[in-house]
Each structure stands twice: as structure tokens, then as C-alpha cells.
Amino acid sequence: RMASSATGAAASAPTPSVYYVMMADGRSMMHPKKLQSLIENGELQGDTMVWADGMSGWKKVNDVPNLKQFLPEDDPSLSMGAAMRQAAETTQWYYLNAQQEQQGPFDPSVVRSLIAHGTLQGDTLLWCKDMGETWSPIKDLTDFEQDLKRAKENPKSAGDGKPLPPAATGWYYRDKYRAQKGPVNEAALGKLMETKELTGDSLVWKDGMKEWSAINTLPELATLALTSMLPEEARMKIKEEEEKLALSGGGAGAAATGAAATASEENAKEGEDEKAGQKRKRKKKKTKKWKKFENTPHVYVQGLPPDASLQEIHDHFKKAGLIVKLPSGEPKIKMYKDKSGKPKGDGLVSYMKVESVPLAIQFLHESEIRPGFKLTVQKAEFQQKGDKFIARKKTKTDIKFQKFAAQQVGFLFET
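Residues numbered from 1 in each chain as written. Predicted model: local features only at pLDDT ≥ 70, side-chain atom pairs only at ≥ 80, totals over all residues. Heavy atoms only, no water.

## Some remarks on the pattern of salt bridges
A full pass over the atoms with the stated rule returns seven salt bridges. For the salt bridge of Lys319 with Asp53, the shortest nitrogen-to-oxygen distance reads 3.9 Å. On the criterion of sequence distance, the pair formed by Lys319 in the loop between helix H12 (310-317) and strand S14 (333-337) and Asp53 in the loop between strand S3 (49-51) and strand S4 (59-60) is long-range, its members being 266 residues apart. Looking at Lys319, the relative accessible area reads 8%, which means it is buried. The class of Asp53 is partly exposed, set by a relative accessible area of 46%. Two residues, Arg370 and Glu312, come together in a salt bridge whose shortest N-O distance is 2.7 Å. In this pair, Arg370 is assigned in strand S16 (residues 368-370) and Glu312 in helix H12, connecting sequence segments 58 residues apart. (Salt bridge = Lys/Arg side-chain N within 4 Å of Asp/Glu carboxyl O. Helix = DSSP H or I, 4+ residues; strand = E, 2+ residues; numbered from the N terminus. Buried < 20%, exposed > 50% of the residue type's maximum accessible area, 1.4 Å probe, protein only.)

## Looking at the packing of aromatic side chains
Two measures describe an aromatic ring pair: the distance that separates the ring centres and the angle between the ring planes. Applying the stated criterion across every chain, the model contains eleven aromatic pairs. Ring centres of Tyr172 and Trp205 lie 5.9 Å apart, and the angle between their planes is 45°; this geometry places the pair in the tilted category. Within this pair, whereas Tyr172 is found in strand S9 (residues 171-174), its partner Trp205 is found in strand S11 (residues 203-205), the two being separated by 33 residues in sequence. Taking the relative accessible area as the measure of exposure, Tyr172 reaches 0% and is therefore buried. Site record: aromatic cluster; members linked through ring pairs are Tyr95, Phe106, Tyr172, Trp205 and Trp212. Positioned over the ring face of Trp212 is Arg174, at 4.8 Å from the centre of the ring. (Phe/Tyr/Trp six-rings, centres within 6.5 Å; stacked < 30°, edge-to-face > 60°. Lys NZ or Arg CZ within 6 Å of the ring centre and 35° of its normal.)

## Some remarks on the environment of Ala179
On the secondary structure map, Ala179 appears in the loop between S9 and strand S10 (180-184). Ala179 sits 72 residues away from Asp107 along the chain, and the two C-alpha atoms are 7.6 Å apart.

## Some words on the nonpolar core
Grouped together as the largest cluster of nonpolar side chains are 34 residues, with contacts concentrated most on Leu126 and Leu189. Elements supplying a minimum of two residues to this core: strand S5 (93-96), helix H5 (108-116), strand S7 (125-127), helix H6 (145-153), S9, helix H7 (186-194) and S11. The element best represented in this core is H5, accounting for four residues. Sequence-distant contacts of Leu126, that is, excluding residues within four places in its chain, are made with Trp93, Tyr94, Tyr95, Val111, Leu120, Met131, Trp135, Ser136, Ile138, Leu141 and Phe144. Residues Met29, Trp51, Phe70 and Leu71 belong to the second largest nonpolar core, which totals 19 residues. (Core = buried A, V, L, I, M, F, W, Y, C linked by side-chain atoms within 4.5 Å. Contact = heavy atoms within 4.5 Å.)

## Some thoughts on the pairing of strand S1 (residues 19-23)
The buried fraction of S1 amounts to four of the five residues, a majority that puts the element mostly inside the structure. As defined by bridge partners, S1 adjoins S3 across two bridges and the pair is classed as antiparallel. The residue of S3 that forms the bridge with Val21 is Val50. (Pairing = 2+ DSSP bridges.)

Structural data, given as C-alpha cells:
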């Protein structure tokens, strides 16, 4: 029942400790044994996209020797539909923009869309592998002759009859079958991410970009990527806050005017009787107490190599979720040190989502970050130092990080 025997390379290739699998409802982390079982039972097919640490990118099960050996002989991954998709992906086009910079690769459907939106003109140079070393103007290519003709007869407009500028053509994206689609606006991209049709690793492109890039690597889409990963309740809260801000915009002027009038009256009273103002009671300062938080997005790690770098730890723990990034660009990972300043081998990893904590414990506890260095991963618990609580004063760095985090997620965290 199994496909033709596994190759010697497949047998000798090391098996990753965990795979990421593109399921119908989104990306899922999976143990190799479970993945093998789903493939053998036919629940996952040869065209299912998978990724593991050490792979150059997402690949089909059929293209991963360690997994291909488990495919049944009657696997439909090379069915007519899959064959058609593969054939459509064979012709990839590139074009030169106004600065003579190479853009691409693009499916024919994206090229047609760019022509329709006016981004590509008849004189724009196009190239594909079948053309050798020669670039040709679009007007000389029969593949897009009809598209140019339609674009001249009925140019797309913004509603006022004027053609859309290149910047308004929106975003193009690759779906889970790596087919290129678009253009769509940022709101549409957000919807696709909320429904798990796209993830932070999905590739997108728009006019002006030199190459296709993952959503979570683009600063302009950072808020979009992070918001889509939040639970539904959190997304609804953000929308409610935005609506409140929009509605309060009309009353801001009136509120300011009222405050100014009140201030004027108080100033007048103070001028008549200064003693009255001096007798106002001051608000008593609240005594701050230690607060214990049950659900925090941090894991405590033991068994780290003394010379481990932040990047090495980040690459190992990112398998369980997105790690908080500091304004400096470094991951928020704390390495504990002894009195002499040497690392003790334990540390704290801070995730963006609380849901990443149980995943890290499940999949990374007792895993080896290096041969011989087995890790202990557990939920981080914070305790008060000493008998008396001393509140820590906010530093400029704290304020800077709070603003940075607010820009990423779209709302200020409660403090």
C-alpha cells in the first residue's frame, strides 16, 4: 500500500522534533509520529504544505523524503487539479519597473491584473525562462495582447473616471497552494488572516517592493499580523475601542471648551479667596501591593548552554509562537547571571500570546537546544522579593517599549 521504497537519503536524514502543517483551519504544530499516522491514513495528502526547522521553506509532503515514504500508492496529490496548479505555476514572469529594477516572479494572472490597473504598460519589459536572455515589451508578447487591448478600452478607475494610481493597486498574496491572488486592500488581508487562509508566513507583494516578503517581516503590516493572532475577544475589544475613539472625536471640542470654562471659574475664585484654594484636600496616595498574575506569556527555562546567544534561544523557542520583540530589534529573552556576571544557564522567554506557553511546555520541555543540553521548560512564576513590596519606577526604556508594543498590537496595554 505504501509508495515505492524510501531512498537511502530519506532513511539517513534526521527527523525533526516537530513539524508545522498547513491544515484547512490554519497552521498546526505536529509531532512526527502523529504526522506519519495522518499521512498513512490518507487524512493528509502529498500536496499538503509542511515546514520544520532546517528546511529552506514550506514544501509539499511529496517533496520531503522523510514524509514521502509514508504516502499511500493511491495518493491523489498528482490528480488532475494538482497537475493543473503545477502547470500554471511553471510560467513565472518578471518585469522591469521605472527604475529598471527587476520585480517578480509573478503568475500570469498577476501580470494581467497589473496591466489592468495601469501599473504595467505596453512598453514595460517582461521576461520568463522560456525567453532565454531577451527581455521583450509587453506589446510584443501575444500572451498579454488581449489584456493590453482591454486595459486601453476600459481602464479601471477610482469612481471618478480617472485610472487608479500604481499605489492603489493593493496587495497581492500567495495562498496555501502558492497561487498568486489579488489585488486586495489591507482590510481584506486582515480578514484572510483572521480566517486562517493566510498566516504571518504568507508571502505578499505590492508595487514598489523588490520581492515577495512574509507578512510578519513588513513593518507596515505588523499591526495586521499581530492583531490577527489575538483571540476573537481581543479583536472585538480593539474594534470597540476604535469605535469609541471615532465617536468621541465629535465631543472632544465641547469637552475641551467645558474644561477651559471650569478652569477660568476656578481661577477667578482663587483670585477672590486664595485661602480657599489652599485648603483643598489632597488625595491620599494608594498603597501599592504585590499583584500575582496567573496567566502570563512567559516561560522559565533551565539547562541553557552558558554561551547560548539570544538568537539561538529565539530560533529554538519560536516553534511555539511569536516572541516579543524589543524596540532595539532583539527578542525579549532574559538570561540570568551570577554575581560575577556569568550566565547561570537559566532564563526567561516572553511570548506575544499566553497560548504559546502550554505549547512550549508540551513540545520543547526536555528537548535539546544542542546535543547534550536538554532543556527544562515550565510556566514562569513571579514572587515578591522580601517582606515589603517596593514598587519599581518606570524608566524611559519602559515607556518606550510600551509605546512600541502599542503600535504593534494596536492598543495600549493595561498597566
